[in-house]
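Residues per chain, in single letters:
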Amino acid sequence: MEQETSANPAEGSWSDKSEEKNAMSDFLVVDLESFVQVEDVLFQNDAAGSDDAAGNADAAGNADAAGNADAAGSADAAGSAEAAGSGDDYDSGDDDSGTHHFDTEPTGTQLQRCERGAGSDSGLPDTFQTGRLLFYERFKAYQDYILGDCKPSEVKAFTADYLTKVMQPSGWRALWSADFFDVLVEVHDVDFSDLKACVKLVLPLQCAAQGCDINEETMSALLEATRHKVPLKDLQVVYDESGDYDQTALGLEHLRFFYTHVWRLWDEEDGDDDFDYFVRCVEPRLRLHYDILEERVPAGLVSEYKMLLKKCERCFHEFSVLRGSLGGDSDSELDNVSMVEGLKLYDTVETFKRKLKIIENPLLRYVLGYKGNARHQFIQSRGQRESGIKVVHVVTASCTTNQLLSLLNDRLLSDFSSEDTLIQFHSDPVSAVDSCHHGDMVFVLPGVYSVSSAIFLPDSITVEGFGLPDEVVIEKKYSGDSFVESTGADVKISNIKFIQNDAIEGILCVRKGNLSMENCVLQCETTGVVVQTSAQLVMKMCDLYGSKGAGIEIYRGSVCTLLGNGVHHCKDGILIKDFADEANAMPSITMENNVIHNNEGYGVILVKPSPSQSSNATVDTHVPEGVPTTSQTTGSSDTPAKWPEKNPHSQSQPSVSKHSLDLIAHKVFVSNQGNLFRRNGVADFGTFLY
């Protein structure tokens, strides 16, 4: 809700973002959980803008809106000066911010205290706790009250305009927090246009230093050098129970967070300034920040993003210094050399910026993916045992005599009766796999096994559930990057149900080598099965569902064979990444007799670069429900698709678009026949151009 406010410095006018409601005014406060509140207080008297009227419920001119204890909870609280900072408990019908409204009977601050001096001898006072705001609270503040639809070049002006409305211009104390010290100061003026405050030391000096000696003389000299001006984002308001400085503390928090986590040095120099800065930059960066906090982004991708950000900042700084050193005479030899170096730096910065935008964009981050965590590279194959003995690992927490006899008679005596085979028992699958060497066998007896760490398969082993998949269940109950990681040259898994919880990466990732999976059930949480570059997957008679991303992700340069599987109730069924480069060829895919149905987006979606470098677009191609798709290609995209003969049980043969036929006959498919598509939300086939 956007309204005008009165002339009170703590309230202000919302300028371009206001509607014609002269009687309304906005106040931002935070409840006991630091939730931002947007409250509306109705004043019908012009005197409501003055301090006297704000302190008198009768002068407010409306007992029902501001002075009625039954409606507002307390006439004194609603009409006092404190209530001018927090407002009535007014619930707007169209307020979807999710704000938790609170009882207005208690007066004073609604923010929590951050204990700064606990366990130290510095004597520094406590400050307001404002760093725990939720995503939607910051989102609403930046979108509705601070930035709106401003352009990059207008960000500073919009921010300054916001701060003039919510901050006290003088008379409050704060901690000036720098890299090596914290010192108590008093603010006696604020330069909103420059986002700085004029401060003076509070005597006797109260400070905390790290690795240096600070006294009154050195701090006075430092302030003299800065003309007693310090950046507003370096100030943290001293805790005050009156509630008079809540909005000042929140305003500084939004400013500090923005310039720490959202703003980039190069944003203002974007050649295309005619775009909504909030939509293009603020929202995706804000979402990425909270996705990282909530462990929704793989650790490898987080490390890659931070590394790219540091490199981009360093290159941009070098470019700015070089650009500033160029003289007016551009014909000099030195300037010509500098211009060449500057162009190289500029290209490097643009490359880093493009990579950062891919990671910041949730869709591209999901579609294009990344190469995985560096720690996976340290998991080495153990190879064969020096003794040459093969070991059969039996996993069971407890079992019956009949189960052991059945395992002995059906598998052990027939396949592992030689003298050089040992049997080891384990209580969980992780310990069994971690004990394996090349050629070992793992039997998992019926039961539900909860694992608290990732399962890594670096050797050529076989993991088999001794029973039906619904009887042999491995469930991950921890928040981490991986569930099952396969890097072995020849790994086989069968007859097991995997259940994924609280995950970041896919339920199964084939990073390299060859994995064969048969008769398994995969209950996903995020992405399903990921086949990385140069890896090979054979997936036969498996059931995969529940993925919030793609059920199966196939990277360039990989080989994937899908035979008789069910892929359903995912964001997308199968996502194919067809963006070949000099190092990696396109993926090679065999799809036969699969049932791909009830996916939210596409049954099969192909991701490829746009030849015209146009904006992102998705081309839908729909194969009618119930029509099996059959095509046979042998490496040429010109090979026509072969559709099955007319089904004698159907009344007619539905028509299929030429674009759909071209996509089905794409050269990534070695074989594509007998697949059944039903009830996929957007389309059965689609192409995403980026």
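Residues numbered from 1 in each chain as written. Predicted model: local features only at pLDDT ≥ 70, side-chain atom pairs only at ≥ 80, totals over all residues. Heavy atoms only, no water.

Re the overall build of the chain
Then, number 1: In terms of regular secondary structure, the chain is built from 16 helices and 37 strands.
Then, number 2: Across the chain, contacts joining residues at least 24 apart in sequence account for 65% of those joining residues at least 6 apart.
Then, number 3: Within the structure as shown, the chain displays about 32200 Å² of accessible surface, and the carbon and sulfur contribution to it stands at 49%. (Helix = DSSP H or I, 4+ residues; strand = E, 2+ residues; numbered from the N terminus. Contact = heavy atoms within 4.5 Å. Areas by Shrake-Rupley, 256 points an atom, 1.4 Å probe, with all protein chains shown as cover.)

A short note on the pairing of strand E19 (residues 491–494)
In summary, the side chains of a regular strand alternate between the two faces of the sheet.
Then, number 1: Alignment of strand E16 (residues 462–465) against E19, held across three bridges, turns out to be parallel. Bridging from a neighbouring strand, threonine 462 pairs with lysine 492 of E19. (Pairing = 2+ DSSP bridges.)

A look at the packing of aromatic side chains
Two measures describe an aromatic ring pair: the distance that separates the ring centres and the angle between the ring planes.
Then, number 1: What the rule picks out here adds up to 16 aromatic pairs.
Then, number 2: Aromatic side chains tyrosine 142 and phenylalanine 258 sit 6.0 Å apart centroid to centroid with 50° between the ring planes, which places their arrangement in the tilted category. You can see tyrosine 142 sitting in helix H6 (residues 135–146) and its partner phenylalanine 258 sitting in helix H9 (residues 246–262), a full 116 residues away along the chain.
Then, number 3: Ring plane angle 50° and centroid distance 5.0 Å describe the contact between phenylalanine 677 and phenylalanine 685, whose orientation is recorded as tilted. Across this residue pair, the class does not change: phenylalanine 677 and phenylalanine 685 are buried.
Then, number 4: Here a set of aromatic residues connected by ring pairs shows up, and it is made of Tyr142, Phe258, Tyr259, Trp263 and Tyr277.
Then, number 5: Over the ring of phenylalanine 257 we find arginine 138, and its NZ or CZ is 4.0 Å from the ring centre. (Phe/Tyr/Trp six-rings, centres within 6.5 Å; stacked < 30°, edge-to-face > 60°. Buried < 20%, exposed > 50% of the residue type's maximum accessible area, 1.4 Å probe, protein only. Lys NZ or Arg CZ within 6 Å of the ring centre and 35° of its normal.)

A look at empty space enclosed by the protein
Then, number 1: Counted according to the given criterion, the structure contains eight cavities of 30 Å³ or more.
Then, number 2: For the largest cavity, the calculated volume is near 100 Å³.
Then, number 3: At the level of secondary structure, the elements contributing two or more residues to the lining of the largest cavity comprise helix H10 (277–293) and helix H12 (333–360).
Then, number 4: Tallied by class, the residues present in the lining of the largest cavity amount to four nonpolar, no polar and seven charged. (1 Å grid on protein atoms, 1.4 Å probe; cavity = no way out; pocket = protein on both sides within 12 Å on 5 of 7 lines; lining within 4 Å. Points joined across faces, edges and corners; volume = space filled by probe spheres on them. Nonpolar A, V, L, I, M, F, W, Y, C, P; charged D, E, K, R; others polar.)

Overview of a nonpolar patch on the surface
Then, number 1: Taken together, Leu404, Ile423 and Phe425 make up a surface patch of nonpolar side chains, about 290 Å² in accessible area.
Then, number 2: Topologically, isoleucine 423 is positioned in strand E12 (residues 421–426).
Then, number 3: With relative accessibility at 42%, the residue isoleucine 423 sits in the partly exposed group. (Patch = residues over 30% accessible without salt bridge, like charges linked within 9 Å, V, L, I, M, F, W, Y side chains within 5 Å. Salt bridge = Lys/Arg side-chain N within 4 Å of Asp/Glu carboxyl O.)

Some thoughts on the pattern of salt bridges
When the charged atoms of two side chains with opposite charge come close together, those side chains can pair.
Then, number 1: All told, the structure shown has 24 salt bridges when counted by the stated rule.
Then, number 2: Across the pair arginine 411 and glutamate 464 runs a salt bridge whose closest N-O atoms are separated by 2.5 Å. Of this pair, arginine 411 sits in helix H14 (residues 401–415) while glutamate 464 sits in strand E16, placing them 53 residues apart in sequence.
Then, number 3: The class of glutamate 464 is buried, set by a relative accessible area of 13%.
Then, number 4: The residue lysine 497 makes a salt bridge to aspartate 470 at a minimum N-O spacing of 4.0 Å. Taken together, the positions of lysine 497 in strand E20 (residues 497–503) and aspartate 470 in the loop between E16 and strand E17 (472–480) put the pair 27 residues apart, joining distant regions of the chain.
Then, number 5: Accessibility expressed as a relative area gives 59% for aspartate 470, which makes it exposed.
Then, number 6: What you see here is one network of salt bridges that share partners, running through Arg264, Asp267, Arg285 and Glu360.

Here we look at the environment of arginine 678
Then, number 1: Counting through the fold element by element, arginine 678 comes out in strand E36 (residues 669–678).
Then, number 2: As for arginine 678 and asparagine 598, which are separated by 80 residues in sequence, their C-alpha atoms are 6.5 Å apart.

Focus on the packing of H6 against H9
Then, number 1: Between H6 and H9, the shortest axis-to-axis distance is 11 Å and the interhelical angle comes to 100°. Looking at the two axes, H6 sits roughly perpendicular to H9. Each of Arg138, Ala141, Tyr142 and Ile146 in H6 lies in contact with H9, whose residues at this interface are Glu253, His254, Phe257 and Phe258.
Then, number 2: A breakdown of the residues in the contact of H6 with H9 according to their chemical character gives five nonpolar, one polar and two charged. (Axes fitted to C-alpha atoms, helices over the stretch in contact; angles between N-to-C directions. Parallel < 35°, antiparallel > 145°, perpendicular 65-115°, else oblique.)

Quick notes on the pairing of strand E7 (residues 196–201)
Then, number 1: Pairing between strand E6 (residues 181–191) and E7: six bridges, direction antiparallel. Note that in E7 the partner of valine 190 across the bridge is alanine 197.
Then, number 2: The turn linking E6 back onto E7 is made up of four residues, and leucine 195 within it adopts a positive phi angle of 55°.
Then, number 3: When E7 meets strand E9 (residues 229–231), the two strands line up antiparallel, connected through three bridges. The residue of E9 that forms the bridge with lysine 196 is proline 231.

Focus on the packing of H6 against H10
Then, number 1: Viewed as axis vectors pointing N to C, H6 and H10 meet at an angle of 165°, and their least axial separation amounts to 10 Å. Judged on the interaxial angle alone, H10 and H6 are roughly antiparallel. The chirality of how H6 crosses H10 is right-handed. Contacts from Phe135, Arg138, Phe139, Tyr142 and Gln143 of H6 reach H10 at Phe278, Val282, Glu283, Leu286, Arg287 and Tyr290.
Then, number 2: Looking at the contact of H6 with H10 residue by residue, the classes come out as seven nonpolar, one polar and three charged. (Left-handed = near helix turned anticlockwise from the far one by under 90°.)

Here's the deal with the confidence of the model for the chain
Then, number 1: Per-residue confidence for the chain gives a mean pLDDT of 76; residues scoring 70 or more make up 69%.
Then, number 2: The model gives residues 371–375 a pLDDT under 50, and that stretch makes 14 contacts with residues more than four places away or in other chains.
Then, number 3: Scored below 50 in pLDDT, residues 613–618 shows eleven contacts in the model against residues more than four places distant or in partner chains. (pLDDT = per-residue confidence, 0-100.)

Focus on the side chain of threonine 248
Then, number 1: Assignment of secondary structure puts threonine 248 in helix H9.
Then, number 2: A polar side-chain atom of threonine 248 sits 3.0 Å from the main-chain amide nitrogen of glutamine 168. (Polar contact = N/O pair within 3.5 Å; in protein donor to acceptor, adjacent residues only side chain to side chain.)

Focus: H10
Then, number 1: Between its terminal C-alpha atoms H10 stretches 23 Å, which fits the 24 Å expected from 17 residues at 1.5 Å a residue.
Then, number 2: Maximum bend of H10: about 25°, positioned at glutamate 283, with proline proline 284 one to four residues after it.
Then, number 3: Burial within H10 is extensive, with twelve of its 17 residues counted as buried.
Then, number 4: Looking only at H10, the buried set comprises Tyr277, Phe278, Cys281, Val282, Glu283, Pro284, Arg285, Leu286, Leu288, His289, Tyr290 and Asp291.
Then, number 5: N-capping of H10 is provided by aspartate 276, with a side-chain oxygen placed 3.1 Å from the backbone N of phenylalanine 278.
Then, number 6: Where H10 terminates, the next one or two residues include glutamate 295, which has phi positive at roughly 60°. (Expected span 1.5 Å × (residues − 1). Bend = angle between axes of the 7 residues up to and from the residue.)

Description of the state of the cysteines
Then, number 1: Tallied over the entire structure, the rule returns zero disulfides.
Then, number 2: We note that cysteine 520 lacks a disulfide partner, and the nearest cysteine sulfur, in cysteine 542, lies 4.8 Å from it.
Then, number 3: On the basis of relative accessible area, cysteine 520 is assigned to the buried category, the value being 1%. (Disulfide = S-S within 2.5 Å.)

Observations concerning the environment of tyrosine 239
Then, number 1: One can find tyrosine 239 in the loop between strand E10 (235–237) and H9.
Then, number 2: Judged by relative accessible area, which is 18%, tyrosine 239 ranks as buried.
Then, number 3: For the pair formed by tyrosine 239 and leucine 111, sequence separation is 128 residues and the distance between their alpha carbons is 8.9 Å.
Then, number 4: Leave out the neighbours within four places in its chain, and tyrosine 239 touches Thr109, Leu111, Gln112, Arg113, Asp126, Thr127 and Phe128.

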